[in-house]
Amino acid sequence: MKKIFLGIIVTGFSLLLLTGCNKTEEKKLDYLVLVNKYSQLPDDWEEKVELVDTKNAWDEDIKIEKETYDNYLKLKKDLEKDGVTIELDSVYRSVKAQQNLWDSWTVEKGIDYVRKYVAVPGYSEHHTGLAVDICLRKDGELEYENDDMIADRETFAKVHAKLADYGFILRYLENRDDITGYAYEPWHLRYVGSSEIAKEIKDKNLTFEEYLGQIEDIKDNKAAAKYRIEKTLQDYFKETYGDKISNSRFNITKIYSSEEEKELSSLKEMNLGKKDIAFEVTYQLQPSNDKVILELTENDGEYNKDFGWVTNISRVGILKYNDKTNSYTIDKFENNF
Ligand SMILES: [Zn+2]
(Lines give C-alpha, C1' and ligand atoms only; values in the text may rest on other atoms or scores of the structure.)
Protein backbone atom coordinates (compact mmCIF):
# COMPACT_ATOMS: atom_id res chain seq x y z
CA MET A 1 0.00 0.00 0.00
CA LYS A 2 2.76 2.38 0.98
CA LYS A 3 4.80 1.52 -2.10
CA ILE A 4 1.91 2.22 -4.45
CA PHE A 5 1.30 5.55 -2.74
CA LEU A 6 4.97 6.51 -3.12
CA GLY A 7 4.76 5.45 -6.74
CA ILE A 8 1.86 7.79 -7.33
CA ILE A 9 3.69 10.66 -5.66
CA VAL A 10 6.85 10.05 -7.74
CA THR A 11 4.89 9.76 -10.97
CA GLY A 12 2.98 12.91 -10.09
CA PHE A 13 6.21 14.73 -9.36
CA SER A 14 7.88 13.73 -12.60
CA LEU A 15 4.76 14.67 -14.52
CA LEU A 16 4.97 18.08 -12.88
CA LEU A 17 8.63 18.31 -13.92
CA LEU A 18 7.82 17.28 -17.45
CA THR A 19 5.02 19.81 -17.72
CA GLY A 20 7.38 22.46 -16.35
CA CYS A 21 9.98 21.60 -18.97
CA ASN A 22 7.46 21.52 -21.78
CA LYS A 23 6.26 24.99 -20.88
CA THR A 24 9.69 26.58 -21.29
CA GLU A 25 10.24 24.45 -24.37
CA GLU A 26 6.95 25.69 -25.84
CA LYS A 27 7.89 29.32 -25.37
CA LYS A 28 11.08 29.05 -27.38
CA LEU A 29 10.37 30.15 -30.89
CA ASP A 30 12.05 28.39 -33.81
CA TYR A 31 13.65 31.36 -35.52
CA LEU A 32 14.83 29.09 -38.33
CA VAL A 33 11.31 28.10 -39.32
CA LEU A 34 10.98 27.64 -43.08
CA VAL A 35 7.82 28.94 -44.69
CA ASN A 36 7.74 29.06 -48.47
CA LYS A 37 5.56 27.96 -51.37
CA TYR A 38 6.12 24.31 -50.42
CA SER A 39 6.51 24.51 -46.66
CA GLN A 40 3.53 25.49 -44.54
CA LEU A 41 3.45 27.54 -41.33
CA PRO A 42 3.53 25.10 -38.36
CA ASP A 43 0.07 24.62 -36.81
CA ASP A 44 1.04 25.87 -33.35
CA TRP A 45 2.95 28.92 -34.58
CA GLU A 46 0.26 31.50 -34.01
CA GLU A 47 -0.17 30.48 -30.36
CA LYS A 48 3.61 30.48 -29.75
CA VAL A 49 4.69 33.71 -31.38
CA GLU A 50 4.82 36.82 -29.24
CA LEU A 51 3.74 39.83 -31.27
CA VAL A 52 4.10 43.48 -30.34
CA ASP A 53 2.11 46.43 -31.71
CA THR A 54 3.70 49.23 -33.65
CA LYS A 55 3.02 51.54 -36.61
CA ASN A 56 4.23 51.34 -40.18
CA ALA A 57 5.38 54.17 -42.45
CA TRP A 58 1.75 55.21 -43.08
CA ASP A 59 0.96 55.28 -39.36
CA GLU A 60 -1.17 52.13 -39.66
CA ASP A 61 -1.33 49.67 -36.75
CA ILE A 62 0.80 46.62 -37.42
CA LYS A 63 2.16 43.68 -35.46
CA ILE A 64 5.66 42.18 -35.47
CA GLU A 65 7.44 39.45 -33.52
CA LYS A 66 9.06 40.90 -30.39
CA GLU A 67 12.73 39.97 -30.87
CA THR A 68 12.49 40.81 -34.59
CA TYR A 69 11.24 44.28 -33.66
CA ASP A 70 14.02 44.88 -31.11
CA ASN A 71 16.63 44.03 -33.72
CA TYR A 72 14.85 45.98 -36.43
CA LEU A 73 15.07 49.09 -34.25
CA LYS A 74 18.81 48.54 -33.73
CA LEU A 75 19.31 48.11 -37.47
CA LYS A 76 17.31 51.26 -38.17
CA LYS A 77 19.36 53.26 -35.68
CA ASP A 78 22.65 51.99 -37.12
CA LEU A 79 21.56 52.85 -40.68
CA GLU A 80 20.75 56.44 -39.65
CA LYS A 81 24.52 56.86 -39.22
CA ASP A 82 24.89 56.17 -42.95
CA GLY A 83 22.16 58.66 -43.72
CA VAL A 84 19.65 55.92 -44.57
CA THR A 85 16.16 55.94 -43.08
CA ILE A 86 14.19 52.70 -43.24
CA GLU A 87 10.53 52.35 -42.28
CA LEU A 88 8.26 49.36 -41.84
CA ASP A 89 5.79 48.54 -44.58
CA SER A 90 4.13 45.12 -44.32
CA VAL A 91 5.16 42.79 -41.53
CA TYR A 92 2.95 40.25 -39.74
CA ARG A 93 -0.07 38.90 -41.60
CA SER A 94 -2.32 36.26 -40.00
CA VAL A 95 -3.41 33.22 -42.00
CA LYS A 96 -6.95 34.57 -41.74
CA ALA A 97 -5.96 37.97 -43.16
CA GLN A 98 -4.15 36.22 -46.01
CA GLN A 99 -7.30 34.16 -46.67
CA ASN A 100 -9.38 37.35 -46.80
CA LEU A 101 -6.88 38.91 -49.18
CA TRP A 102 -6.96 35.76 -51.33
CA ASP A 103 -10.78 35.71 -51.41
CA SER A 104 -11.31 39.39 -52.19
CA TRP A 105 -8.66 39.42 -54.92
CA THR A 106 -10.16 36.28 -56.45
CA VAL A 107 -13.48 38.10 -56.84
CA GLU A 108 -11.77 41.22 -58.14
CA LYS A 109 -9.03 39.86 -60.42
CA GLY A 110 -9.75 36.18 -61.01
CA ILE A 111 -8.08 33.05 -59.74
CA ASP A 112 -5.24 32.97 -62.30
CA TYR A 113 -4.03 36.39 -61.25
CA VAL A 114 -4.30 35.49 -57.57
CA ARG A 115 -2.35 32.26 -58.00
CA LYS A 116 0.44 34.23 -59.60
CA TYR A 117 0.73 37.14 -57.19
CA VAL A 118 -0.75 36.18 -53.83
CA ALA A 119 0.83 33.68 -51.44
CA VAL A 120 -1.46 30.78 -50.56
CA PRO A 121 -2.80 31.25 -46.99
CA GLY A 122 -0.48 29.32 -44.66
CA TYR A 123 2.45 29.58 -47.08
CA SER A 124 3.48 33.22 -46.67
CA GLU A 125 6.58 34.02 -44.64
CA HIS A 126 4.74 37.07 -43.35
CA HIS A 127 2.67 34.73 -41.13
CA THR A 128 5.74 34.19 -38.97
CA GLY A 129 6.10 37.81 -37.81
CA LEU A 130 9.80 37.37 -38.65
CA ALA A 131 9.52 38.70 -42.21
CA VAL A 132 9.78 42.44 -42.63
CA ASP A 133 9.04 44.47 -45.73
CA ILE A 134 10.76 47.82 -45.43
CA CYS A 135 10.54 51.01 -47.43
CA LEU A 136 12.79 54.07 -47.47
CA ARG A 137 12.28 57.67 -46.40
CA LYS A 138 14.21 60.12 -48.52
CA ASP A 139 14.01 63.86 -47.88
CA GLY A 140 10.69 63.32 -46.15
CA GLU A 141 9.24 61.37 -49.11
CA LEU A 142 8.55 57.65 -48.95
CA GLU A 143 10.13 55.34 -51.51
CA TYR A 144 7.96 52.24 -51.46
CA GLU A 145 7.11 51.18 -55.04
CA ASN A 146 8.75 47.86 -55.90
CA ASP A 147 10.32 49.10 -59.14
CA ASP A 148 11.77 52.20 -57.46
CA MET A 149 13.30 50.14 -54.68
CA ILE A 150 14.76 47.55 -57.07
CA ALA A 151 16.38 50.40 -59.03
CA ASP A 152 17.77 52.01 -55.88
CA ARG A 153 20.84 49.79 -55.66
CA GLU A 154 23.01 52.30 -53.88
CA THR A 155 20.77 52.71 -50.85
CA PHE A 156 19.86 49.05 -50.57
CA ALA A 157 23.53 48.04 -50.74
CA LYS A 158 24.01 50.06 -47.54
CA VAL A 159 20.97 48.41 -45.94
CA HIS A 160 22.00 44.89 -46.94
CA ALA A 161 25.55 45.38 -45.67
CA LYS A 162 24.27 45.76 -42.11
CA LEU A 163 21.52 43.13 -41.98
CA ALA A 164 23.60 40.25 -40.61
CA ASP A 165 24.84 42.28 -37.62
CA TYR A 166 21.28 42.24 -36.33
CA GLY A 167 20.31 38.70 -37.31
CA PHE A 168 18.56 39.53 -40.58
CA ILE A 169 19.07 38.03 -44.04
CA LEU A 170 17.97 39.18 -47.45
CA ARG A 171 15.44 36.46 -48.12
CA TYR A 172 14.88 36.61 -51.88
CA LEU A 173 18.26 36.91 -53.58
CA GLU A 174 18.81 37.88 -57.20
CA ASN A 175 18.64 35.02 -59.71
CA ARG A 176 17.69 32.45 -57.09
CA ASP A 177 13.96 32.41 -57.71
CA ASP A 178 14.06 28.79 -58.82
CA ILE A 179 15.03 27.97 -55.24
CA THR A 180 13.12 30.54 -53.22
CA GLY A 181 10.08 30.76 -55.49
CA TYR A 182 10.29 34.55 -55.53
CA ALA A 183 12.07 37.11 -57.69
CA TYR A 184 14.56 39.56 -56.16
CA GLU A 185 13.00 41.61 -53.37
CA PRO A 186 15.52 44.00 -51.83
CA TRP A 187 12.93 45.10 -49.25
CA HIS A 188 11.95 41.70 -47.82
CA LEU A 189 14.10 40.98 -44.76
CA ARG A 190 13.92 37.89 -42.61
CA TYR A 191 15.00 37.61 -38.99
CA VAL A 192 16.79 34.29 -38.27
CA GLY A 193 17.45 34.69 -34.54
CA SER A 194 21.25 35.03 -34.55
CA SER A 195 23.83 37.25 -36.19
CA GLU A 196 26.23 34.26 -36.48
CA ILE A 197 23.76 32.34 -38.61
CA ALA A 198 22.85 35.43 -40.63
CA LYS A 199 26.56 36.05 -41.30
CA GLU A 200 27.14 32.47 -42.40
CA ILE A 201 24.21 32.64 -44.82
CA LYS A 202 25.48 35.94 -46.22
CA ASP A 203 29.17 34.97 -46.45
CA LYS A 204 28.36 31.72 -48.25
CA ASN A 205 25.86 33.52 -50.47
CA LEU A 206 23.16 30.98 -49.66
CA THR A 207 19.45 31.13 -49.93
CA PHE A 208 17.67 30.24 -46.68
CA GLU A 209 16.55 26.99 -48.31
CA GLU A 210 20.14 26.03 -49.13
CA TYR A 211 21.29 26.88 -45.62
CA LEU A 212 18.66 24.56 -44.18
CA GLY A 213 19.64 21.81 -46.62
CA GLN A 214 16.06 21.60 -47.78
CA ILE A 215 16.73 20.99 -51.43
CA GLU A 216 15.84 17.42 -52.25
CA ASP A 217 16.26 16.97 -55.96
CA ILE A 218 19.17 19.29 -56.58
CA LYS A 219 19.57 18.16 -60.20
CA ASP A 220 16.28 19.70 -61.12
CA ASN A 221 17.16 22.82 -59.19
CA LYS A 222 19.75 24.32 -61.51
CA ALA A 223 20.64 27.38 -59.45
CA ALA A 224 21.31 25.28 -56.36
CA ALA A 225 23.28 22.72 -58.35
CA LYS A 226 25.30 25.46 -60.05
CA TYR A 227 26.15 26.99 -56.71
CA ARG A 228 27.34 23.62 -55.38
CA ILE A 229 29.45 22.88 -58.44
CA GLU A 230 31.20 26.26 -58.37
CA LYS A 231 31.87 26.08 -54.67
CA THR A 232 33.22 22.52 -54.81
CA LEU A 233 35.42 23.30 -57.81
CA GLN A 234 36.86 26.36 -56.09
CA ASP A 235 37.78 24.23 -53.08
CA TYR A 236 39.15 21.53 -55.37
CA PHE A 237 41.43 23.95 -57.23
CA LYS A 238 42.59 25.52 -54.01
CA GLU A 239 43.53 22.09 -52.74
CA THR A 240 45.16 20.99 -56.00
CA TYR A 241 47.16 24.11 -56.83
CA GLY A 242 47.47 25.86 -53.48
CA ASP A 243 48.67 29.43 -53.88
CA LYS A 244 49.78 28.80 -57.47
CA ILE A 245 46.28 29.85 -58.50
CA SER A 246 45.04 33.28 -57.56
CA ASN A 247 41.56 33.01 -59.05
CA SER A 248 39.19 30.69 -60.93
CA ARG A 249 35.97 31.14 -62.85
CA PHE A 250 33.50 28.76 -64.38
CA ASN A 251 30.97 28.44 -67.12
CA ILE A 252 28.77 25.48 -66.30
CA THR A 253 27.48 24.34 -69.67
CA LYS A 254 25.35 21.38 -68.60
CA ILE A 255 23.82 19.85 -65.51
CA TYR A 256 22.45 16.38 -66.18
CA SER A 257 18.88 15.82 -65.02
CA SER A 258 17.84 12.52 -63.44
CA GLU A 259 16.24 11.57 -66.76
CA GLU A 260 19.39 12.28 -68.76
CA GLU A 261 21.46 10.23 -66.33
CA LYS A 262 19.33 7.22 -67.10
CA GLU A 263 19.76 7.70 -70.84
CA LEU A 264 23.55 8.04 -70.86
CA SER A 265 24.92 4.51 -70.42
CA SER A 266 28.26 5.51 -68.84
CA LEU A 267 26.42 7.57 -66.21
CA LYS A 268 23.92 4.79 -65.70
CA GLU A 269 26.75 2.43 -64.82
CA MET A 270 28.02 4.83 -62.19
CA ASN A 271 24.72 4.51 -60.38
CA LEU A 272 24.54 8.06 -59.10
CA GLY A 273 22.71 8.87 -55.89
CA LYS A 274 19.76 11.23 -55.77
CA LYS A 275 21.90 14.18 -54.72
CA ASP A 276 24.98 13.42 -56.85
CA ILE A 277 25.43 15.81 -59.74
CA ALA A 278 26.89 15.12 -63.19
CA PHE A 279 27.91 18.25 -65.06
CA GLU A 280 29.97 19.79 -67.84
CA VAL A 281 32.07 22.88 -67.32
CA THR A 282 34.49 25.16 -69.11
CA TYR A 283 36.78 26.90 -66.71
CA GLN A 284 39.57 29.43 -66.50
CA LEU A 285 42.38 29.72 -64.00
CA GLN A 286 44.45 32.73 -63.12
CA PRO A 287 47.96 31.58 -62.17
CA SER A 288 49.97 33.35 -59.49
CA ASN A 289 53.31 32.63 -61.17
CA ASP A 290 54.82 31.57 -64.50
CA LYS A 291 55.76 28.07 -63.51
CA VAL A 292 52.23 26.90 -63.10
CA ILE A 293 51.26 28.32 -66.47
CA LEU A 294 53.45 25.71 -68.12
CA GLU A 295 52.06 22.90 -66.03
CA LEU A 296 48.54 23.96 -66.84
CA THR A 297 49.00 24.60 -70.54
CA GLU A 298 50.52 21.15 -70.83
CA ASN A 299 47.15 19.91 -69.73
CA ASP A 300 45.01 21.54 -72.39
CA GLY A 301 44.35 25.11 -71.42
CA GLU A 302 45.61 28.09 -73.36
CA TYR A 303 47.41 30.89 -71.62
CA ASN A 304 46.26 34.34 -72.57
CA LYS A 305 49.17 36.72 -72.06
CA ASP A 306 47.03 39.85 -72.18
CA PHE A 307 44.63 38.78 -69.48
CA GLY A 308 46.85 36.45 -67.47
CA TRP A 309 44.35 33.61 -67.53
CA VAL A 310 44.57 30.00 -68.60
CA THR A 311 41.38 29.54 -70.55
CA ASN A 312 39.18 27.06 -72.38
CA ILE A 313 39.68 24.02 -70.25
CA SER A 314 36.66 21.75 -70.63
CA ARG A 315 35.79 18.89 -68.33
CA VAL A 316 32.93 16.68 -67.32
CA GLY A 317 32.60 15.85 -63.68
CA ILE A 318 30.59 14.30 -60.91
CA LEU A 319 29.95 15.78 -57.52
CA LYS A 320 29.47 13.08 -54.91
CA TYR A 321 27.20 13.96 -52.02
CA ASN A 322 28.19 13.07 -48.49
CA ASP A 323 25.07 12.91 -46.34
CA LYS A 324 27.04 12.92 -43.09
CA THR A 325 28.63 16.29 -43.72
CA ASN A 326 26.04 17.67 -46.16
CA SER A 327 28.90 18.48 -48.50
CA TYR A 328 30.19 17.55 -51.94
CA THR A 329 33.49 16.28 -53.30
CA ILE A 330 34.67 15.87 -56.89
CA ASP A 331 34.50 12.21 -57.78
CA LYS A 332 35.42 12.35 -61.44
CA PHE A 333 36.83 15.25 -63.41
CA GLU A 334 37.90 14.27 -66.91
CA ASN A 335 37.47 14.95 -70.58
CA ASN A 336 34.40 12.80 -71.04
CA PHE A 337 32.15 10.36 -69.29
ZN1 LIG B 1 7.53 40.55 -48.02
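Provided above is the structure to which this section pertains.
Residues numbered from 1 in each chain as written. Predicted model: local features only at pLDDT ≥ 70, side-chain atom pairs only at ≥ 80, totals over all residues.

A. Representation of the overall build of the chain. The secondary structure content of the chain amounts to 14 helices and 12 strands. Out of the 337 residues in the chain, the part that is buried amounts to 25%. Long-range contacts, defined here as pairs at least 24 residues apart, represent 64% of the contacts in the chain between residues at least 6 apart. (Helix = DSSP H or I, 4+ residues; strand = E, 2+ residues; numbered from the N terminus. Buried ≥ 20, exposed ≤ 12 C-beta atoms within 10 Å, placed from the backbone. Contact = placed C-beta atoms within 7 Å.)

B. Local environment of the pairing of strand S1 (residues 51–55). Pairing analysis gives five bridges linking S1 to strand S2 (residues 61–65), with the strands arranged antiparallel. Opposite Leu51, over in S2, you have Glu65 as the bridge partner. In sequence, S1 turns back onto S2 through a hairpin of five residues, with Asp59 there showing a positive phi of about 65 degrees. (Pairing = 2+ DSSP bridges.)

C. Expanded view of the nonpolar core. If you look at the biggest cluster of nonpolar residues, it comprises 32 residues, and the most contacted ones within it are Val132, Ile134, Leu163, Phe168, Ile169, Leu189 and Ala198. Those elements that provide at least two residues to this core are helix H3 (66–80), strand S3 (85–88), strand S4 (131–138), helix H7 (153–163), strand S6 (168–170), strand S7 (188–191) and helix H9 (195–203). If one sorts the elements of this core by residue count, S4 sits on top with five residues. If near-sequence neighbours (up to four positions away) are discounted, Ile169 is found in contact with Leu163, Arg190, Val192, Ala198, Ile201, Lys202 and Phe208. Judged by nonpolar contacts, the second largest core, of 13 residues, contains Ala225, Leu233, Ile255 and Leu319. (Core = buried A, V, L, I, M, F, W, Y, C linked by C-beta atoms within 7 Å.)

D. Fine view of unusual backbone geometry. Residue Asn205 is not a glycine yet carries a positive backbone phi of 55 degrees. For Asn271, which is not glycine, the phi torsion reads 55 degrees and is therefore positive. Within the fold, Asn271 resides in the loop between helix H13 (265–270) and strand S9 (277–287). Its 8 C-beta neighbours within 10 Å are what place Asn271 among the exposed residues.

E. Highlighting the packing of H3 against H7. Packing of H3 against H7 leaves a shortest axis separation of 10 Å and a crossing angle of 130 degrees. As judged from the angle between their axes, H3 and H7 are oblique. Like other packed secondary-structure pairs, H3 and H7 cross with a definite hand, here right-handed. Packed against H3, whose contacting residues are Leu75, Asp78 and Leu79, the element H7 presents Lys158, Val159 and Lys162 at the interface. A breakdown of the residues in the contact of H3 with H7 according to their chemical character gives three nonpolar, no polar and three charged. (Axes fitted to C-alpha atoms, helices over the stretch in contact; angles between N-to-C directions. Parallel < 35°, antiparallel > 145°, perpendicular 65-115°, else oblique. Left-handed = near helix turned anticlockwise from the far one by under 90°. Nonpolar A, V, L, I, M, F, W, Y, C, P; charged D, E, K, R; others polar.)

F. The environment of Ser195, seen in detail. With respect to the element layout, Ser195 can be found in helix H9. Residue classification places Ser195 among the partly exposed residues on the basis of 15 C-beta atoms within 10 Å. For Ser195 and Ala164, which are 31 residues apart along the polypeptide, the C-alpha to C-alpha distance reads 5.3 Å. Leaving out residues up to four positions away in the same chain, Ser195 has contacts with Ala164, Asp165, Tyr166 and Gly167.

G. Quick peek at the pairing of strand S11 (residues 309–322). By the bridge criterion, eight bridges tie S9 to S11 in an arrangement that is antiparallel. In the sheet register, Leu285 faces S11, and the bridge partner there is Val310. Between the end of strand S10 (residues 302–304) and the start of S11, which pair antiparallel, lie four residues, with Gly308 showing a positive phi angle near 70 degrees. Pairing geometry for S11 and strand S12 (residues 327–334), over seven bridges, is antiparallel. Residue pairing in the sheet places Gly317 in a bridge with Phe333 of S12.

Fair warning: the whole summary comes from geometry, so function is off the table for now.
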